[in-house]
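Here is how the chains run, residue by residue.
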Amino acid sequence: MVFKNVRDWLEAPAASVAERGGRLNVLRGAVARVTTPLLPDDYLHLANPLWSARELRGRIVDVRKETADSATLVIKPGWGFDFKFQPGQYIGIGLLVDGRWHWRSYSLTCPPDWNAPEHGGKRLISIAVKAMPEGFLSSHIVGGVKPGTIVRLQAPQGGFVLPYPPPAKVLFLTAGSGITPVMSMLRAMDRRGLVSDVVHLHSARTAEDVMFGDELRALHDRHPSFQSHLHLTGEQGKFALADLDAKFPDWRERDTWACGPAAMLDEIEQHWRAAGLAERLHVERFEIERSAIGEGGTVSFGKSGRSVEVDGATSLLEAGESVGVQMPFGCRMGICQTCVVTLSSGHARDLRNGDERREGDKVQTCISAAAGDCTLDV
Amino acid sequence: MAITDIQTFSHLTAADIETLGQELDTIRRSVELSRGERDAKYIRRTIAAQRGLEVAGRAVLFGSRNRWAWLAGTALLSVAKIIENMELGHNISHGQWDWMNDPEIHSSTWEWDQTGPSSQWRRAHNYSHHTYTNVLGKDEDLGFGILRMTRDEQWRPIHLVQPLANLLLAATFEWGIALHDWAIEKELTGTPKSELLSAPNREFARKIARQVSKDFLLYPALTGPAWKSTLKANATANLVRNLWAYAVIFCGHFPDGAEKFTIEQLEDETQAEWYLRQMLGSANFKAGPAMAFMSGNLCYQIEHHLFPDLPSNRYPEIAARVRELCDKYDLPYTTGSLGKQYLLAFRTIHKLALPDRFLKRTADDAPETSSERKFAGITLPNTERWADNNWLLTDPETGQRRGLRSALHEAKVVLEEKARHEKEVLREAKRALKEKARQEKELLREAKIALQEKARVEQAALRRKTVREKGFRVRLRRA
């Protein structure tokens with residue numbers, strides 16, 4: 001008991017770092033007594049950017065082109081990264097462009113136990129990024145991120161995951177970059193030698209736009225129980241769900257994972273509901289990388305569970321106060337930074353200069369307004 | 001009674017003030033748009049340099065039993081602490097680097113190497129001080145609650161110890177700030193004083209325990225036999241940092257020309273008037289690049305108060321543009337050497353330790369504070385020939401706007417002339433009185449001489465009479 005108290009006391013200064021339950025945190029906490037108010041990591045990362053668990057970091061070790069407009073980033077995470085993620089989850093990644101960190105979420109494409117000899121036993125992770133026409137960061141990543149670049153990471157998360165062991169019969173429905181989380185699931189199945197009866201239907205505009213095409217073929221060659229169907233919308237038009245019965249008569253018996261554009265997912269959800277199979281369907285909606293839409297919207301307050309509809313001129317602070325949310329506030333004119341909270345989803349706009357704020361950014365609520373629906377972490 | 005009406009005091013029209021505000025917004029926007037890699041590099045390098053200096057200082061202090069090692073280690077640590085306090089802690093907590101979206105260099109997470117917790121300081125400083133800059137009764141930074149820094153504050157006997165209180169505040173500045181912020185935090189959050197285990201109290205106690213044990217227990221203990229000299233070195237470095245921070249803050253707010261405002265000014269204050277209040281309420285001091293860096297660029301206090309959340313490394317270029325605006329709108333730009341600015345503040349501290357009956361000026365016209373009433377009843381020579389005798393005008397001859405700066409200058413000349421004239425009249429009267437006194441003295445002397453002469457004559461007569469009477473008696477006896 002006493003020992004535990006001492007340990008807790010020692011760990012206390014390092015309690016907020018990403019490393020979970022490691023012995024390292026006792027040491028870190030002990031050293032932090034003399035480096036207070038900083039952590040030892042704050043000094044160590046000056047020597048090597050990866051030597052910090054205060055914020056998860058990683059180094060890009062390889063950038064591989066997948067198609068003309070997509071690429072895979074292989075990243076070596078620094079201290080404190082939890083490799084026990086589940087296939088299908090995504091990570092937050094921060095990249096430095098012009099002095100500013102830009103945060104986005106991308107699906108992990110690697111299975112969690114990436115210890116294969118071809119990677120030299122290095123603990124690496126990978127994500128695949130498809131450049132969106134107006135996507136600032138995705139274009140930047142696909143267009144020219146150099147190996148060696150340091151990135152920030154957020155722990156893997158998300159509920160779009162493949163259970164272990166996988167169900168006997170599986171259907172994957174993907175389109176465009178929606179293939180990325182499914183790739184992670186397929187690779188995990190492959191690595192574990194647990195490829196059950198899997199059907200994968202992937203839509204892409206042309207054959208050149210298919211990400212991981214070779215790998216899908218190779219997978220089929222190794223595991224006859226895996227069937228990969230490509231649907232090229234450029235030639236055949238959109239895949240009609242009514243064709244499912246003809247193409248995969250047993251689709252109703254399969255556990256289904258679907259990922260792709262919102263319109264496609266809406267349709268799929270409706271189709272599955274109509275068939276009374278809603279609970280067998282797993283859907284991942286990508287937060288599509290796009291600019292803020294419109295003015296105003298519904299502002300939700302994550303912690304207090306309230307929400308309010310506002311116009312584009314009402315500050316987020318006023319919005320919160322109007323529904324009785326305990327909002328931090330100060331000067332109310334954008335100078336004191338007392339009212340800063342994290343925008344956990346959606347977009348906001350700086351009322352002073354029109355600058356856009358997006359998911360993951362910290363916003364000054366007194367001078368920011370909703371630009372479309374958004375959620376604040378308060 | 002300090003400034004109650006900033007429009008009248010500034011000698012600008014409401015439209016002028018509005019345009020000035022827009023021009024300042026333009027400066028703000030252009031800096032915001034040009035923030036980028038260069039600025040990010042600047043702060044990251046500053047952080048790396050500061051940490052390097054600190055590690056070097058701590059390392060050298062292991063040998064602090066050697067006098068030279070002690071001096072070198074203390075100097076390194078002092079410089080590290082100053083940079084950490086001024087350029088990093090202060091500026092990052094202002095949100096100057098929040099635009100980088102870097103979770104480690106962000107106002108909401110940065111903790112500084114000072115006794116008080118950053119969060120409490122941020123509330124007291126960023127909110128109370130920067131919103132209500134120099135407003136009597138609202139800005140607790142006006143004398144930090146222990147010094148009387150304006151004639152608007154009533155003198156109390158406790159102010160007699162002000163010279164001593166000033167020294168104490170300078171030497172223990174971080175503690176003064178910590179206690180000050182702690183009190184404001186409790187006030188703003190409405191924490192009852194009786195609640196000993198309140199969140200602000202616990203946060204405050206925890207931070208102090210960590211800070212004090214680091215500098216005064218753990219580091220000395222770590223250096224083993226050199227513990228005593230390490231302890232002395234740490235205390236010295238904290239003292240040096242305290243003195244420097246104190247000097248920079250006092251030079252930014254208390255030299256002559258940094259005006260104070262009354263609460264009336266806050267009513268319906270526009271953004272442009274807020275800008276103007278920041279400009280008139282702050283003071284700069286002249287510094288080269290090195291001193292500017294060591295002051296956390298607070299030698300540009302005016303610019304800092306106008307744009308507290310723009311990156312500090314951009315203040316020099318902002319200063320050039322603010323000065324241009326001051327010239328254009330004929331507004332004063334209060335600056336001077338560090339020594340001069342401090343001496344002015346020092347003078348105010350010592351002057352105001354005294355009761356008002358020893359002070360000549362009033363709160364409307366004193367070196368450390370003035371109001372729009374300062375100009376009442378003064379006829380300025382240049383304005384007489386103008387049609388409506390209005391100061392809010394452009395000089396028809398030079399095309400220059402005439403505003404506060406000219407008015408202050410002319411008021412000074414007029415007041416000086418008035419004082420000179422009064423002195424002359426006084427001297428004249430004194431001379432006349434002296435002459436009168438001399439004449440009276442002369443008359444007196446003459447009267448005295450006359451009297452004396454008269455007395456002498458009378459005496460002589462008396463003597464003769466006596467002689468005659470004696471002769472008469474002798475003759476009688478003989479007869």
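Criteria and thresholds
Residues numbered from 1 in each chain as written. Chains lettered and ligands numbered in written order. Predicted model: local features only at pLDDT ≥ 70, side-chain atom pairs only at ≥ 80, totals over all residues. Heavy atoms only, no water. Helix = DSSP H or I, 4+ residues; strand = E, 2+ residues; numbered from the N terminus. Rg over C-alpha atoms; globule rule 2.2 N^0.38 Å. Buried < 20%, exposed > 50% of the residue type's maximum accessible area, 1.4 Å probe, protein only. Contact = heavy atoms within 4.5 Å. Areas by Shrake-Rupley, 256 points an atom, 1.4 Å probe, with all protein chains shown as cover. Lys, Arg positive; Asp, Glu negative; His and termini not counted. Charge placed at Lys NZ, Arg CZ, Asp CG, Glu CD. Patch = residues over 30% accessible without salt bridge, like charges linked within 9 Å, V, L, I, M, F, W, Y side chains within 5 Å. Salt bridge = Lys/Arg side-chain N within 4 Å of Asp/Glu carboxyl O. UniProt positions renumbered as here; feature names shortened; annotations may be inferred. Phe/Tyr/Trp six-rings, centres within 6.5 Å; stacked < 30°, edge-to-face > 60°. Lys NZ or Arg CZ within 6 Å of the ring centre and 35° of its normal. Pairing = 2+ DSSP bridges. Domains from an automatic or database assignment. Buried area = accessible area lost by both parts, 1.4 Å probe. Polar contact = N/O pair within 3.5 Å; in protein donor to acceptor, adjacent residues only side chain to side chain. Nonpolar A, V, L, I, M, F, W, Y, C, P; charged D, E, K, R; others polar.

(A) The arrangement of the overall build of chain B in detail. Looking only at helices and strands, chain B features 15 helices and 2 strands. Against the globule reference of 23 Å for 479 residues, chain B gives a C-alpha radius of gyration of 34 Å, more extended than a compact globule. Reported as C-alpha extents along the three principal axes, the dimensions of chain B are approximately 140 × 75 × 50 Å. Sorting the 479 residues of chain B into buried and exposed places 50% on the buried side. The contacts of chain B with a sequence gap of at least 6 include a subset with a gap of at least 24, amounting to 72%. For chain B, the computed accessible surface area is about 23500 Å², with 60% contributed by carbon and sulfur atoms. The centroid of the 71 positive side-chain charges in chain B is displaced by 15 Å from the centroid of its 63 negative side-chain charges.

(B) Structural context of a positive patch on the surface. Residues and elements named next belong to chain B. On the surface, a cluster of positive charge is made up of K286, R323, K340 and K412. With respect to the helices and strands, R323 occurs in helix α13 (residues 315-328). Classification of R323 by relative accessible area gives partly exposed; the value is 42%.

(C) Molecular detail of the pattern of salt bridges. Overall, the coordinates contain 57 salt bridges over all chains when judged by the stated rule. A salt bridge links D250(A) to K169(A), with the nearest nitrogen and oxygen atoms 2.8 Å apart. Of this pair, D250(A) sits in the loop between α8 (244-247) and β10 (255-260) while K169(A) is found in strand β7 (residues 169-175), placing the two residues 81 residues apart along the sequence. Looking at D250(A), the relative accessible area reads 17%, which means it is buried. The exposure class assigned to K169(A) is partly exposed, which follows from its relative accessible area of 24%. Close ionic contact of R58(B) with E54(B) constitutes a salt bridge, the shortest N to O distance being 3.5 Å. Highlighted residues: R58(B) and E54(B), both in helix α3 (residues 37-60), separated by 4 residues, approximately one helical turn. Judged by its relative accessible area of 5%, R58(B) is buried. A network of salt bridges, in which partner residues are shared, links E54(B), R58(B), K81(B), D113(B), K214(B) and D215(B).

(D) Main features of the UniProt feature "coiled-coil region" (unreviewed entry) in chain B. Residues annotated in UniProt with the feature "coiled-coil region" (unreviewed entry) correspond here to residues 404-460 of chain B. Within residues 404-460 of chain B, the helical portion is 100% and the strand portion 0%, while the C-alpha atoms at the span's ends are 82 Å from each other.

(E) Structural context of the packing of aromatic side chains. Here the structure, examined in full by the defined rule, presents 18 aromatic pairs over all chains. When the centroid spacing of 6.1 Å and the interplanar angle of 25° are considered together, the rings of F144(B) and F250(B) count as stacked. Within this pair, whereas F144(B) is found in the loop between α5 (118-131) and α6 (162-171), its partner F250(B) is found in helix α9 (residues 227-253), the two being separated by 106 residues in sequence. Above the plane of the ring of W9(A) lies R33(A), whose end atom (NZ or CZ) is 4.0 Å from the centre. The ring of Y132(B) is capped by K138(B), whose NZ or CZ atom sits 4.4 Å from the centre of that ring.

(F) Quick look at the pairing of strand β4 (residues 100-107) of chain A. All names here are of chain A. Extensive coverage of β4 is indicated by the burial of 6 of its 8 residues. Where strand β3 (residues 90-97) lies against β4, 8 bridges are found, and the strand directions are antiparallel. For I93, the partnering residue across the bridge sits in β4 and is R104. Hairpin connection, β3 to β4: the antiparallel pair is bridged by 2 residues, and D98 has positive phi, about 50°.

(G) Representation of the domain arrangement of chain A in the model. Domain annotation for chain A reports domain 1 (1-37), domain 2 (57-157), domain 3 (169-284) and domain 4 (297-376). In this structure, domain 1 of chain A and domain 3 of chain A have C-alpha centres spaced 46 Å apart.

(H) Spatial organisation of the domain arrangement of chain B. All names here are of chain B. By the assigned domains, chain B splits into domain 1 (6-329) and domain 2 (381-478). The C-alpha centroid of domain 2 is placed 58 Å from the C-alpha centroid of domain 1. At the interface, 11 residues of domain 1 touch 8 residues of domain 2. Both sides together, the interface formed by domain 1 and domain 2 hides about 900 Å², and carbon and sulfur atoms give 58% of it. It is H11, D327 and Y329 that lose the most area in domain 1 upon contact with domain 2, and together they represent 53% of the buried surface on that side. On inspection of domain 1 and its partner domain 2, the count reaches 1 salt bridge. Taken together, the links from domain 1 to domain 2 amount to 2 residue pairs in polar contact (both at pLDDT 80 or more). Secondary-structure elements contributing two or more residues to the side of domain 1 that touches domain 2 are α1 (6-10) and α13. When residues in the side of domain 1 that touches domain 2 are grouped by element, the largest group, 3 residues, is from α13. A per-class count over the side of domain 1 that touches domain 2 returns 5 nonpolar, 3 polar and 3 charged.

(I) Looking closely at helix α3 (residues 40-47) of chain A. Every buried residue of α3(A) is listed here: P40(A), D41(A), D42(A), Y43(A) and H45(A). Residues of α3(A) that are buried make contact with α2 (24-35) and β1 (57-67) of chain A together with α3 of chain B.

(J) Structural view of unusual backbone geometry. Residue and element names in this part refer to chain A. Between T36 and the following residue, P37, the backbone shows a cis peptide bond with an omega angle of 5°. Mapped onto the fold, P37 is located in the loop between α2 and α3. Backbone geometry places F212, a non-glycine residue, at a positive phi of 60°. With respect to the element layout, F212 can be found in the loop between β8 (197-204) and α6 (213-222). Accessibility expressed as a relative area gives 4% for F212, which makes it buried.

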